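Overview (structure and organization)
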Amino acid sequence: MGLLIIDGHEAEADQSRTLLEVAVELGIEIPTLCHYKGLTPYGACRICVVETIWKGKSRLHPACTYPAWEGEVRTDSEMVRKARRFIVELMLAEAPDAVEIREIAEKLGIEGTPFRTPDDARGNKCIMCGLCVRTCRDLVGAGALAFRGRGENRKIANPYGEKSEVCIACGACEFVCPTDAIDLSLITDLTPKPLVSEFDTGLVTRPAIYLPFPQAVPAVPVLDDEHCLRTLLGTCGVCEQVCGPDAIDYDAEDVEDAIQVGTIVVATGYDEFDPNEKPELGYGMYENVITGLEMERLCSASGPTMGEIVIGGKSPKDVVFIQCVGSRDQTVGNEYCSRVCCMYTAKQAHLVKEKIPNAAVTIFYMDIRAFGKGFEEFYDRVRKEGVVYRRGSVSEIYRRKDRLVVRGEDTLEGEPMEVEADLVVLATGLVARPGTDHIAGLLKLSRSSDGFLMEAHPKLRPVDTASDGVYLAGTCQGPKDIPDAVAQAKGAAAAAIVPMSKGKVTVEALTCVVDEDLCAGCKICVSVCPYGALSYDEEKKISTCNEALCKGCGTCAAACPSGTISMGHFTSEQLLAQIVALIGGGNG
Amino acid sequence: MAKEERAPETEGGANASEQGEVREPRIGVYVCHCGINIAYMVDVRKVAEVAGTFPNVVVARTYPYMCSDPGQSLIRDDIEKSDLTGVVVAACSPRMHEPTFRAAVSDAGVNPYLLDMANIREQCSWIHEEPEAATEKAIDLVRAAVARASHLSPLVEREVPVTPESLVVGGGIAGIQAALDIAEAGYRVHLVEKEPTIGGRMAQLDKTFPTLDCSACILTPRMVDASRHPNIELATYSEVKEVEGYIGNFNATLTRKARYVDLEKCTNCGLCYASCPVRNVPQLREPVGIPRDLSEKDRTRLDAIIADHGIDAELLIQILQDVNIEYNYLPVDALKYVAFRLGVRPATVYHVASFYTAFSLEPRGRKIVKVCTGTACHARGAVRVLEELERRLGIGPGETTEDMAYTLLTVNCLGCCALGPVVVVDNDYHSVVPGDADAMLARYETA
Amino acid sequence: MRHVKDIADLERARREIMKGRDPDARVVAICCGTGCIACGGLTVADAFRSEVDSRALASKVRVLTTGCHGFCERGPLVVVQPAGILYQQVKPDDVAEIVETSVEGDDLVERLLYVDSASGEKIVREEDVPFYKHQTRLILGRNGALDPTSVEDYVAIGGYGSLAKALDAMTPDEIVATVKASGLRGRGGGGFSTGRKWESCLKAPGDVRYLICNADEGDPGAYMDRSILEGNPHSVLEGMVIGAFALGVTDGYIYVREEYPLAVANFTRALDDARAAGLLGVNILGTGFSFDVAVARGGGAFVCGESTALMASIEGLPGEPRPKHIHTVERGLRQRPTVLNNVETWANVPLIVDKGAEWFAAIGTEGSKGTKIFSLVGKVNNTGLVEVPMGITLREIIDDIGGGIRGGHSFKAVQTGGPSGGCISEDLLDLPVDFDRLAEAGSMMGSGGMIVMDDRNCMVDIAKYFVGFLKDESCGKCTPCREGLRQMHAILTDITEGRGEERHLDELEYISWGLEQTALCQLGSTAQNPVLTTLRYFRDEYRAHIEEKRCPAGVCKALVTYSVVADACTGCTVCAKKCPSDAIEGEPKKVHGIVQDKCIKCGICYEVCKFDAIAID
């Protein structure tokens, strides 16, 4: 292999790669428009032309398709600049409304174009790079979007001028378009459903392979196989192609791992109350009615708006917070207080005031519960910042013109009231996760009436559970704020450490006993044992008891039709003696 | 403490135990006052008195608080002195103090399971209003307990080793904290998180009340600590599928969901998620089949053409040539049907059909007038001939007259360059001098 | 024809055919190339058949409908053999007389003979006609001797003998070496050495290779491939089979324009006949070698002349070129090594195998060997297909063969090489026709179109014509070609419609530079040639359009007015009758006048006036 010199940087010539690939690796920037990693290089836009010098002869070649043969390459010579100017000037005339082309022109120092925009190109943004068509055909595999015609009449079109019946509305065409020229709704007969970021609470979309958020741990993306074109349709495969370290494996399968542990800490957390259960609040209907968690993302400097509170592209003037959404509310079955909403609302109100000083902020509340360290002081501070706390209950949110109206009753004055708003934040409460049943079943835990996991004793054993060796931490046990969750976690950790540090535990002496001679092997006991302590011995054809698992509950003994099973501490002899003594009465 | 009178000692038994294999049980009965909780309703002395008369009972006493240290000492002393083989405590619910008295019995060298309790508080004093009857009932309960105690046999408590590893289910702030604490104590921790990353809800929060410190800023270092801790085994995108066993010895099965990205190899360069083109939920649909409005007759016509060539996507253009001839243009449903039969995507069929000039997507006239605009014809005035025909037919190139009689087309060269300008009507070639086009076409109109 | 068992059997089969034919029989060869058909060739042929039948001459006279003889200007052409008498512009009414005089008898029908425009003498024999006399008709010459739908006819004149020789006496490497040594260069336009192309393909890795005959003759103004395919399809097929044997190919394709129905029909027939005769298909001539050819009809796209676009089209896709930094001989059809040659190139192969590399290399110039067929058209007297040895000058072709400019007008330019070629001015007429010399002049050989222009052709209009053609034929894939040509066309339109500005010439040169440097395929990167050559040789005409708003040739409608030359007008009324907008007024036998407000400048009056009484300013 020979030597390739790009702008003075040396690289190994390798005709299986393109000049563009090598240049990118060397950190040399070459503008591209029709190029997309994962698609076969197309060489249509020609903006990536570079000057190749071979045996003293200069030629221009597109870097995206030209093999990295040996020789010298210049990516920013006079000739290259002239050619790129030519291409950009043609594009400016062809797609006068493509902002991105104007930006490229500016970057290349091109002020305008000597060329005329043909009448039929007025308002056009498309530069015919064909990424949309090629992506739909080669990556998605649908072939919903087509080139039509040729020459100057070549256009991107829906086949037959009809809305596509093969489009799967995946949005790939829109995504790859370098000039924002695609409107998916004109292509498909489906209603596109954005694939939204769970982390950003649906405020932005995410790809099918994604990193949940930049600081995720582990910092390794995950492929969402329910939305990946490869796992769904066997097409695409872009991520595998672009992955340098070859880390993508489409054939991966779920793996089961068996582990042995001495103790278990359950810290499965909570879920946000789903305000769709209260349709009168207009959540899901109006984009400017959002939940507390969505407000968190909207305020966050690393959120989709970089911390700017904007909704529908505008910064709200009137912001209303509604407390106790899904908490202290019998109509949705949640009688409890979620403990954090008063304070997070106060905090969010403070942030609104900080970010939009002239915004009017009103908070509708039932009671303010500011019981923690520094809470009451914070509540006072927020009120002093001009946030209006109004005791009231909200009955309905609806739209009037382009604004929201919050209607309800002022419960201090006993009067009906209406307040207009541009943004309504629902202080959604904390509810038990849907998976709580599963974990409770696995670990034989109880749930309290609010649906959260139940501790062994509300006061004396707040981290223990009815199952020895299983402890609770955080909001899976009930709503709590971060310090409380951390405190309970530390308690649970300490509790879990105890038996491990002792190295051994005493197990129940009261167990069932199977009389091997009498057992007929009917297996009824196996099916009724709640602890899985009884099993059927295929060899002996009888039931046997694992004394370590047996809790001595006696269910098996009661169920055994032949009286084969007895309980160590409650033998028939003992119980009969007790009964005889009772009914015998007198002074026995 | 007031000194309690002793109940009469019963004779016998004590020596027998040392000699015979079958020892007669020697039982001590202890009746608790529980302050006045029991004593206000039950005549505890009488109970002890009567109890002292029950078979096997060698000693029966009362005491205000049996659970107190002196109360427990009473039992331990009697065991030693009177060589008791069993103990009955008549007091409160065993839920409360059974472990207490078992410990006391055990301390004195008797198997803790040779203890029985009669609950004369919850089951007696607290629920009755007639002292005499309550006392009677208490005596009955004690009798029954003594009877059972006479038949109790010793049980052995077992100890099992504890696996020095812990499972933390959930990788939010609570799970991370618990895992870190256990790991710091020197034990191995399996931190299992359902989502692809740990961090939980706290990672989503902005600032935290009331101190307004940044949630992510205080959380992410903890996340990193957890991932780096040598004692923590992180299992993200994983769920606990099954748990069996008991304290110290749990067997758990974890399901590690396919992440499709190798945790070891990935460098998080970001190219994969920057390149993934999917931004909406793909809505899978049934493959498009035969166009609904295509008649049986048309299907037969098209099938015949396809059969002539064979089912091969490469033959698309060849097949469309014949479809174009058959229908004089390419009807949409015919294109869709050919696409369906050949397994060619709509985009390709449409591009092909609109790319080549031989194909027409619009119905064409009964006669097709092609004007050669090749160079030789152009040099000899083909444009004028074309203009003449345009005027005559009232249509432009590529158009069809309203009565569907003519379609006017231009062709880039018909290969009769010596005769230019050339016009072809259907398959007849005409060398047409400008000015003669009218006359040439007129011949077809009369015909 | 019967099935041929092995190589030796081919000669036996040929003798059997000859035995069935009377060597003394008269043959009437009627040209039924597309040109002559357009002039009524088929009806003339029918007339001959019924005349021969009615005279019961069927056993003694063979009426032969042949492919193109080349002299299309004078069609329908009839040649009576063995005397070789050429009758031109024959009408069905003339047939009986010809049969009686020259077929049954030995006399001439004088009025149908060709009259030499220079000497005024009548010329009897085809080969003596100046049009033919200056040609070297190695390939086209056989068209007149055979019925293209008859494999026997081809075998009778020694056809498939080269194939037999190649299979029998040569190794594949020897064949490649012979073709290479002959100096044959691709006749499709590029002029790349055929032998070297074959060699590269052989060296390319991969077991499966393909071979393609490009018959998508897209160049407007060129039709030699059509004439060969229509007139002698077996010669092309024989070349392909020889190539397939040399290259170890089993699957070949011929990509023919759908606009050439007769070529498609004749070639398809040739394939069927050759297969039946054991000259194609499985186990060719009993040698165990197998090869077959499939016909792909092109859908009408000039860009499919580009090899990768053509291959895409064969694959059933739109004819979009792809980058070919890696040549198609390595990665062509279906990404496999592929040899693509055009019709004329393939037709040369049997000749070279038959007569040897030295014989072929002796014809032509240092860098360009053999003969080349040109389509000599436009404003010359004798239009048609001409086959000449490389190195002949343009002047010889135009004057000696073409008989000079028609209608007493003066020569202005000759356009060669199709839309990618250029216009050559009079001072370069002594340029020898040769791949390299034409390129030096800014034009190119191309596939052999040669369009002669006279003083009534506007060179700006011609440039606009080519740019317009290419703009429509561009596939539209790459930006410079799609948009650059559109802009170029807009500028040329402005110039021809009187809106030309000085800066336009610079802009044309700027776009030309951009096209050449940045376009994806040859269509785009040579599209500037017609503009650049006209700018180079005919800049004055551009200047006249821009500065004086005048079209010297009187072509650009917006810049001309038509008027009646009173001295010349005879009042014949033809112009008034033909005028589509009733703009010409005047009484019979009196001088007419043109009402300028009504005139749509269609030019019909100018065309129809027999007295040159219409003037263009």
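Fair warning: this is a prediction, and the values are worked out from it, not measured in the lab. (Residues numbered from 1 in each chain as written. Chains lettered and ligands numbered in written order. Predicted model: local features only at pLDDT ≥ 70, side-chain atom pairs only at ≥ 80, totals over all residues. Heavy atoms only, no water.)

Here we come to the pattern of salt bridges. Within this structure, the stated rule accounts for 107 salt bridges over all chains. Across the pair Arg297(A) and Asp200(A) runs a salt bridge whose closest N-O atoms are separated by 2.7 Å. Highlighted residues: Arg297(A) in helix α8 (residues 292–299) and Asp200(A) in the loop between α5 (172–176) and β10 (209–210), separated in sequence by 97 residues. Residue Arg297(A) is classed as buried on the basis of its relative accessible area of 1%. Residue Lys490(A) pairs with Asp181(B) through a salt bridge whose shortest N-O separation is 3.2 Å. Of this pair, Lys490(A) sits in helix α12 (residues 482–502) while Asp181(B) sits in helix α7 (residues 173–184), which puts the two residues in different chains. The exposure class of Lys490(A) is partly exposed, given its relative accessible area of 41%. Accessibility expressed as a relative area gives 18% for Asp181(B), which makes it buried. Look at the salt bridges and you will find they share partners, linking Asp318(A), Glu396(A), Arg400(A), Arg403(A), Arg407(A), Glu418(A), Glu420(A) and Asp422(A) into a network. (Salt bridge = Lys/Arg side-chain N within 4 Å of Asp/Glu carboxyl O. Helix = DSSP H or I, 4+ residues; strand = E, 2+ residues; numbered from the N terminus. Buried < 20%, exposed > 50% of the residue type's maximum accessible area, 1.4 Å probe, protein only.)

Turning our eyes to something else, we now look at the sheet that holds strand β13 (residues 367–372) of chain B. Residue and element names in this part refer to chain B. Pairing is mixed in the open sheet, where 4 strands are placed in the order β14-β13-β15-β16. Each having just a single partner strand, β14 (406–411) and β16 (428–431) make up the two edges of the open sheet. Recorded for the sheet is a direction-independent mean angle of 20° between the axes of neighbouring strands. Here β13 runs beside β14; their pairing, made up of 6 bridges, is parallel. Counted as the bridge partner of lysine 367 is tyrosine 406 from β14. (Pairing = 2+ DSSP bridges. Axes fitted to C-alpha atoms, helices over the stretch in contact; angles between N-to-C directions.)

This part covers the domain arrangement of chain A. Splitting chain A by domain gives domain 1 (3–121), domain 2 (131–186), domain 3 (261–506) and domain 4 (512–584). Each of domain 2 of chain A and domain 3 of chain A has a C-alpha centre, and the two are 44 Å apart. (Domains from an automatic or database assignment.)

Next up on the list: helix α20 (residues 503–518) of chain C. Residues and elements named next belong to chain C. End to end, α20 covers 22 Å across 16 residues, agreeing with the expected 22 Å (1.5 Å per residue, within 8%). Within α20, 12 of the 16 residues are buried, which leaves the element mostly enclosed by the surrounding structure. Taken residue by residue, α20 has His504, Leu505, Glu507, Leu508, Tyr510, Ile511, Ser512, Trp513, Gly514, Leu515, Gln517 and Thr518 as its buried positions. (Expected span 1.5 Å × (residues − 1).)

The interface of chain C with chain A comprises 35 residues on the first partner and 38 residues on the second. Between chain C and chain A, roughly 3200 Å² of surface is buried when both sides are summed, and carbon and sulfur atoms account for 53% of that area. Counting the surface chain C buries against chain A, the share from its top three residues, His325(C), Arg486(C) and Tyr510(C), is 22%. Taken together, the connections running from chain C to chain A amount to 6 salt bridges. Across the pair Arg150(A) and Glu473(C) runs a salt bridge, and its minimum N-O distance is 2.8 Å. (Contact = heavy atoms within 4.5 Å. Buried area = accessible area lost by both parts, 1.4 Å probe.)

Chain A puts 163 residues into the contact, and the matching count from chain B is 121 residues. Interface of chain A and chain B: buried area, both sides summed, is about 12600 Å²; carbon and sulfur atoms make up 64% of it. The interface formed by chain A and chain B contains 8 salt bridges. Among the elements that make up the side of chain A that touches chain B, the one with the highest residue count is α12(A) (11 residues).

Residues and elements named next belong to chain C. Between the first and last C-alpha of helix α14 (residues 343–355) there are 19 Å, a value that for 13 residues agrees with the 18 Å anticipated at 1.5 Å per step. Most of α14 sits out of view: 11 of its 13 residues are buried. Where α14 is concerned, the buried positions are Val343, Glu344, Thr345, Trp346, Ala347, Asn348, Val349, Pro350, Leu351, Ile352 and Val353. A positive phi of about 95° marks glycine 356, the residue just after α14.

All right, on to the sheet that holds strand β10 (residues 232–235) of chain B then. Taken in spatial order, the 5 strands line up as β23(A)-β13(A)-β6(B)-β7(B)-β10(B) in an open sheet, and their pairing is parallel. Of all the strands in the sheet, just β23 (470–472) of chain A together with β10 of chain B have a single pairing partner and so form its edges. When the angles between neighbouring strand axes are averaged without regard to direction, this sheet yields 20°.

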